[in-house]
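Reading the structure
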Protein chains: 2
Amino acid sequence: MMKVQPASQNQIRQWRKLLRKKYRDAEGLFLVSGWNAVKEFLNGARNQVKEFIVTKEHLDKLPELSADDQWPVFTVTATDFKRLSDEQHPQGIALTARIQAYAIDSEMPQENTLIYLDRVNDPGNLGTIVRSAVWFGLTTLLLSPESADPFQPKAVRASAGAIGRVKIYRGVDSASLKQLMRESGYSGVATVVEGGMTDRELRRYSGKKTILVLGSEAAGLSPELLNICPIKISIPKPGYGESLNLSTAAAILFYLLRSG
Amino acid sequence: MMKVQPASQNQIRQWRKLLRKKYRDAEGLFLVSGWNAVKEFLNGARNQVKEFIVTKEHLDKLPELSADDQWPVFTVTATDFKRLSDEQHPQGIALTARIQAYAIDSEMPQENTLIYLDRVNDPGNLGTIVRSAVWFGLTTLLLSPESADPFQPKAVRASAGAIGRVKIYRGVDSASLKQLMRESGYSGVATVVEGGMTDRELRRYSGKKTILVLGSEAAGLSPELLNICPIKISIPKPGYGESLNLSTAAAILFYLLRSG
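Everything numeric in this text was worked out from a predicted model, so none of it was measured. (Residues numbered from 1 in each chain as written. Chains lettered and ligands numbered in written order. Predicted model: local features only at pLDDT ≥ 70, side-chain atom pairs only at ≥ 80, totals over all residues.)

1. Some thoughts on the overall build of chain A
Looking only at helices and strands, chain A has 10 helices and 13 strands in total. Taking 260 residues into account, the globule formula puts the C-alpha radius of gyration at 18 Å, and chain A, at 20 Å, falls close to it. Dimensions along the principal axes, computed over C-alpha positions, put chain A at roughly 60 × 40 × 30 Å. Considering only residue pairs separated by 6 or more positions, chain A has 80% of its internal contacts joining residues 24 or more positions apart. (Helix = DSSP H or I, 4+ residues; strand = E, 2+ residues; numbered from the N terminus. Rg over C-alpha atoms; globule rule 2.2 N^0.38 Å. Contact = placed C-beta atoms within 7 Å.)

Now the structure itself:
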């Protein structure tokens, strides 16, 4: 039997604070909201879960999640649930989870293929990139300073719960990236809108120690980043356009690295 | 010299109505808003433009668009401009353009590769799909009934102006699609989350008469659609997840069809 209890107004206020980065970082907690995101998050990150927050209508559905009996379940009214979401019509189920974020100087990444995102400040794009990365089995992401927070509600939602499966390094500047490349033998592959090598070249890096470097849509990659990446790669454009949406470009490149 | 004049409150009211589908369809007009979208729209669809709407600050930038002298330019205040947008901080430049929409019984599609979207009702996804399609040179889209309107502001914005380069057929139901396949010799390729043939198979259809059929994220493809598509295709999943975001899955498939 799960321990179901009504939430106090004080608890609701504490959870509501998690909509803001400052409080998420202070508490080391974030919200995962919506049925599919909660379900997928549980598939990948059960041990990060702290507690459930549900409206009465969603209480009956909890057993479908094969939720652990040890987790506390708090019930709230639909009106209070809305205060815990940035959505107009939130589904009445959420959980709080412990933020797993890493710093490059305390624990080095271990995977062969890393993804570095330079100032990606659209949370929807960031979350969608997380979702695609996890789909293709790429689970280490390095974020530059001035990135969107991957633990904010919109990013978590766009990740469809995949945020629980990635190891995220925050605040990785170009100097740290350069050092990582040098010390751990990674090759940097920078993505550029045009003039890079053909995308097919990317397949040659499949399985090798590679950092795929993607830039913000508006600004592209900084000159320092272009400098430290020996390889430049572009997605072919048989048609027209200034650029692809960043998260769609990322997905094509992940595909090429992992299945192409 | 372009004819610059202040907009009347009546004109502003008429433009504001274009935020709603009913009025867009009645007037045969839609709004393209934001510097990049306007610029890209002009690159591809100059002849669809009716007029410009700008705030004073953006008036000076008009010559950069090499705008046609014949087009009327209306100035509005920043406050009035906000009324013409669903964005919180719109850029003060927009144009109105004539809707180019087609019906399958009056004009048959001519391209080798067509894209059919089944009940894609997220306008952001729909616009991003348009943007990716145009990038890969796929310029005919067939939309099922109950699709989002590609001419709504959010979809136009997500298309980054590429909406001007596509031929859109609206309200194409599965019976019409079946007829098109039979009469014009197209093969239907349905995308399914799992269990389809490998994505590499898709390359075999590159250049052949093919309709790529993509479904809504929530519902997947309807049984009728799966029935009329002899080929099923899936994107490999070396990692985890319930599904990819629809617009990222679409981009990978467009890439395979056109460059893979």
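2. Structural notes on the sheet that holds strand β13 (residues 231–234) of chain B
Residue and element names in this part refer to chain B. Overall, parallel pairing links the eight strands, which are arranged β6-β9-β8-β7-β12-β10-β13-β11 in an open sheet. Both edges of this open sheet fall to β6 (101–102) and β11 (197–198), since each of them pairs with a single strand only. Of the pairings in the sheet, the one linking strand β7 (residues 113–118) to strand β8 (residues 140–143) comprises three bridges and is parallel in character. When the sheet's bridge partners are listed, Y116 is paired in β8 with L142. Packing of helix α10 (residues 246–258) onto the sheet brings it into contact with β7, β10 (187–191) and β12 (210–215), and relative to β12 it is tilted by some 165°. (Pairing = 2+ DSSP bridges. Axes fitted to C-alpha atoms, helices over the stretch in contact; angles between N-to-C directions.)

3. Regarding the relation of the copies chain A and chain B
The operation relating the two chain copies consists of a rotation about an axis and a shift along that axis. The two copies are related by a screw operation: chain A maps onto chain B through 180° of rotation and 0.0 Å of translation along the axis, at an RMSD of 0.0 Å. Classification of the inter-copy transformation places it as that of a two-fold axis. Both copies contact each other with a shared surface, as 100% of the interface residues of chain A are interface residues in chain B too. (Least-squares fit on C-alpha atoms with pLDDT ≥ 70 in both.)

4. Brief notes about the pairing of strand β13 (residues 231–234) of chain A
Residue and element names in this part refer to chain A. Two elements, strand β10 (residues 187–191) and β13, share three bridges in a ladder whose sense is parallel. Looking at β13, one finds that T191 is bridged to I233. When strand β11 (residues 197–198) meets β13, the two strands line up parallel, connected through two bridges. When the bridges of β13 are listed, T198 appears paired with S234.

5. Concerning the domain arrangement of chain A
Residue and element names in this part refer to chain A. As far as domains go, chain A holds domain 1 (3–99) and domain 2 (102–258). Taking only C-alpha atoms into account, the centre of domain 1 sits 29 Å from that of domain 2. The interface is formed by 21 residues belonging to domain 1 together with 12 residues belonging to domain 2. When residues of the side of domain 1 that touches domain 2 are traced back to their parent elements, those giving at least two are α2 (21–27), β2 (29–33) and α3 (35–45). If one sorts the elements of the side of domain 1 that touches domain 2 by residue count, α3 sits on top with eight residues. (Domains from an automatic or database assignment.)

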